[in-house]
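Observations on chain architecture
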Amino acid sequence: MSPPHGFKSLPLPIAQLSLAAVLKCGQSFRWTSYPLKATAPSEMENIKTNGQPTHEYRLVLRDRVVCLRQDVDTLFYRALFPESAASAPEDEDEIQVRDKQTLAWLRDYFQLDTDLVKLYSEWSEKDSVFRETVKDRFPGIRMLRQDPWENVVSFICSSNNHIGRITKMVQSLCTAFSDELCSLSTPHDGEETSTTVSYHPFPTPKQLADDGVAAKLRELGFGYRAEYVQRTAQILCEEHEDPEAYLKSLRDLPVEEARTELLKLCGVGPKVADCVLLMSLDKKAVVPVDTHVHQIALKYYGLRGTPQGKGGKVPMTPKIYEAVGTKLTQTWGEYAGWAHSVLFTADLRSFANYGLETPNASPIKSPATSVPPTPSEADSDYFGASPIKRRRSETKTRPQAKRVKTK
């Protein structure tokens, strides 16, 4: 089909990229989707057979709003700028430069140089679970290459949380601490409606390092994560002239060295660090492990069971964390982190109807669990322990003063 008005087209089959899956599976929390028709089907229904774009996806960067649509074999894209939103005239050469920049950003962000169909084939050869349960039903789930600073803050917010709430928190963070870039009408049936949305870029480290940030974040419902976000921003600003450049430089370090650097940040434990390594620092073999991934490893990949803790839950010890990650990396190989994301997405409750002609089937055959269990108190250490838990721990280990009898 011809591109929608104002859009450029990039030949890209849905087997290489499914926007409905990749932008909704808990990697990034700032994309917004808009149905193009009031009667548009759910993004999760008949994604492979629908011939026309049904939704538009938007993400605001520092200088532009990227808009995407998709049909079965084409990705449609455009970028809107503050001046174009106000219908200001643009120079043709400048438009071409900006189009090239947007396309380059898309190729980098979605890592389009990596052949996902080939990876699915390789994983299917190595792993019968992948081949029989997710390969055909969940195509196009690839790893994003995100901005490391945004990725760090977003996953600090993920501590003891779920995708819907993390999304609201991250979006409220942008609205509260960064200036509006522009306001745009929402798309509908190929035309713009009268509804307008304000777009705010992700705040810089400096913007989140100010003294009043934590108090404001608590007002926004961040809880104990508020101090983590502010203190992490302060650490980066105090120790690095360009905090964002420093975080990007971790891409050049070996995995263990990069992980060590991330663990110095407030609220960043092993799981959050591994999410950042995988999703923004190019460490494609890293498998972030939580109780949900642990259950999948126990159910499908022969990992031996472990004693249960309080409430029937298994405490996420460093030994278990390492065992699960090692097992899954051995199973899937160099791109183990990417493969893990497919299995993780397939087992989410929100994807129960994804790719199905008949809704309400279970996400994957005999799923380990229908929805990620709520992390136990023991899990909070590897997500980043809460201040309350830290104080309890410090109290337990603090030497107690001896009582002296007096006559």
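Residues numbered from 1 in each chain as written. Predicted model: local features only at pLDDT ≥ 70, side-chain atom pairs only at ≥ 80, totals over all residues. Heavy atoms only, no water.

A count of helices and strands for the protein gives 18 helices and 7 strands. Buried residues in the protein amount to 51% of all 407 residues. Restricting the contact set of the protein to residue pairs at least 6 apart, pairs at least 24 apart contribute 70%. In the form shown here, the protein has an accessible surface area of approximately 19600 Å², with 50% of it arising from carbon and sulfur atoms. (Helix = DSSP H or I, 4+ residues; strand = E, 2+ residues; numbered from the N terminus. Buried < 20%, exposed > 50% of the residue type's maximum accessible area, 1.4 Å probe, protein only. Contact = heavy atoms within 4.5 Å. Areas by Shrake-Rupley, 256 points an atom, 1.4 Å probe, with all protein chains shown as cover.)

With that settled, the discussion passes to helix α13 (residues 270–280). The element α13 is largely enclosed, with a buried count of 10 among its 11 residues. After α13 finishes, the residue Asp 282 shows a positive phi value of roughly 70°.

Enumeration over the complete set of coordinates arrives at 15 aromatic pairs. When the ring of Trp 31 is compared with that of Tyr 109, the centres are 6.0 Å apart and the planes differ by 50°; the resulting orientation is tilted. With Trp 31 in the loop between α1 (19–22) and β2 (32–35) and Tyr 109 in helix α3 (residues 92–109), the pair connects residues that are 78 residues apart, well separated along the chain. Trp 31 gets classed as buried once you look at its relative accessible area, which sits at 6%. (Phe/Tyr/Trp six-rings, centres within 6.5 Å; stacked < 30°, edge-to-face > 60°.)

For strand β4 (residues 65–70), the tally of buried residues reaches 6 of 6 residues, placing the bulk of the element in the interior. Note that β4 and strand β5 (residues 74–80) share 6 bridges and pair antiparallel. Counted as the bridge partner of Arg 69 is Phe 76 from β5. (Pairing = 2+ DSSP bridges.)

Right, let's get into helix α14 (residues 291–300). α14 sits mainly inside the fold: 7 of its 10 residues count as buried. After α14 finishes, the residue Gly 302 shows a positive phi value of roughly 70°.

Closest axis-to-axis distance for the helix α6 (residues 148–156)/helix α10 (residues 225–239) pair is 9 Å, and the angle between their directions is 155°. Classified by the angle their axes make, α6 and α10 are roughly antiparallel. Regarding α6 and α10, the two cross each other, and that crossing is right-handed. On α10, the residues touching Trp 149, Val 152, Val 153 and Ile 156 of α6 are Arg 225, Tyr 228, Val 229, Thr 232, Ala 233 and Leu 236. The class makeup of the residues in the contact of α6 with α10 is 8 nonpolar, 1 polar and 1 charged. (Axes fitted to C-alpha atoms, helices over the stretch in contact; angles between N-to-C directions. Parallel < 35°, antiparallel > 145°, perpendicular 65-115°, else oblique. Left-handed = near helix turned anticlockwise from the far one by under 90°. Nonpolar A, V, L, I, M, F, W, Y, C, P; charged D, E, K, R; others polar.)

Further remarks concern the sheet that holds strand β1 (residues 8–11). A sheet is described by the order of its strands in space; here 5 strands give the open sequence β1-β5-β4-β3-β2, paired in antiparallel fashion. Across the chains shown, the open sheet's two edge strands, defined by having one partner strand only, are β1 and β2. Pairs of neighbouring strands in the sheet enclose a mean axial angle of 25°, with direction left out of account. Docked against the sheet, α3 engages β1, β3 (55–60), β4 and β5, running at close to 125° with respect to β5.

What follows covers the nonpolar core. Trp 31, Leu 68, Phe 110, Trp 123 and Leu 262 are the most contacted members of the largest nonpolar core, which has 101 residues in total. Every residue in contact with Leu 262, bar those within four places of it in the chain, is listed here: Val 152, Leu 247, Leu 250, Val 268, Ala 273, Val 276, Leu 277 and Leu 281. Val 65, Leu 80, Leu 181 and Leu 184 belong to the second largest nonpolar core, which has 11 residues in total. (Core = buried A, V, L, I, M, F, W, Y, C linked by side-chain atoms within 4.5 Å.)

With respect to the secondary-structure elements, Arg 69 resides in strand β4. Reaching out from Arg 69, the side chain makes a polar contact with the side chain of Glu 56 at a distance of 2.6 Å. (Polar contact = N/O pair within 3.5 Å; in protein donor to acceptor, adjacent residues only side chain to side chain.)

A separate point is the environment of Asp 210. Residue position: Asp 210 is located in the loop between α8 (205–208) and α9 (213–219). Taking the C-alpha atoms as reference points, Asp 210 and Gln 230, 20 residues apart in sequence, are found 7.5 Å from one another.

On to the packing of helix α15 (residues 318–332) against helix α16 (residues 336–346), then. Packing of α15 against α16 brings their axes to within 9 Å, and their N-to-C directions diverge by 100°. Here α15 is positioned roughly perpendicular relative to α16, judged by the angle of their axes. Of α16, the residues touching α15 (which contributes Leu 328, Thr 329 and Trp 332) are Ala 336, Ala 339, His 340 and Leu 343. The residue makeup of the contact of α15 with α16, split by class, is 5 nonpolar, 2 polar and no charged.

With that out of the way, let us pick up the side chain of Glu 150. Tracing the chain through its elements places Glu 150 in helix α6. In terms of polar contacts, Glu 150 uses its side chain to reach the side chain of Arg 30, at 2.9 Å. In this structure Glu 150 touches Ser 28, Arg 30 and Phe 202, once residues within four positions along its chain are discounted.

The next point concerns empty space enclosed by the protein. One pass over the full model with this rule turns up 2 cavities of 30 Å³ or more. Space inside the second largest cavity adds up to approximately 40 Å³. What lines the second largest cavity is Val 293, Ile 296, Leu 328, Trp 332, His 340, Leu 343 and Phe 344. When residues of the lining of the second largest cavity are assigned to their parent elements, the largest contribution, 3 residues, is made by α16. Tallied by class, residues from the lining of the second largest cavity come to 6 nonpolar, 1 polar and no charged. (1 Å grid on protein atoms, 1.4 Å probe; cavity = no way out; pocket = protein on both sides within 12 Å on 5 of 7 lines; lining within 4 Å. Points joined across faces, edges and corners; volume = space filled by probe spheres on them.)

Let us now look at unusual backbone geometry. Of note, the phi angle at Gln 111 is positive, near 50°, even though the residue is not glycine. Structurally, Gln 111 is set in the loop between α3 and α4 (116–126).

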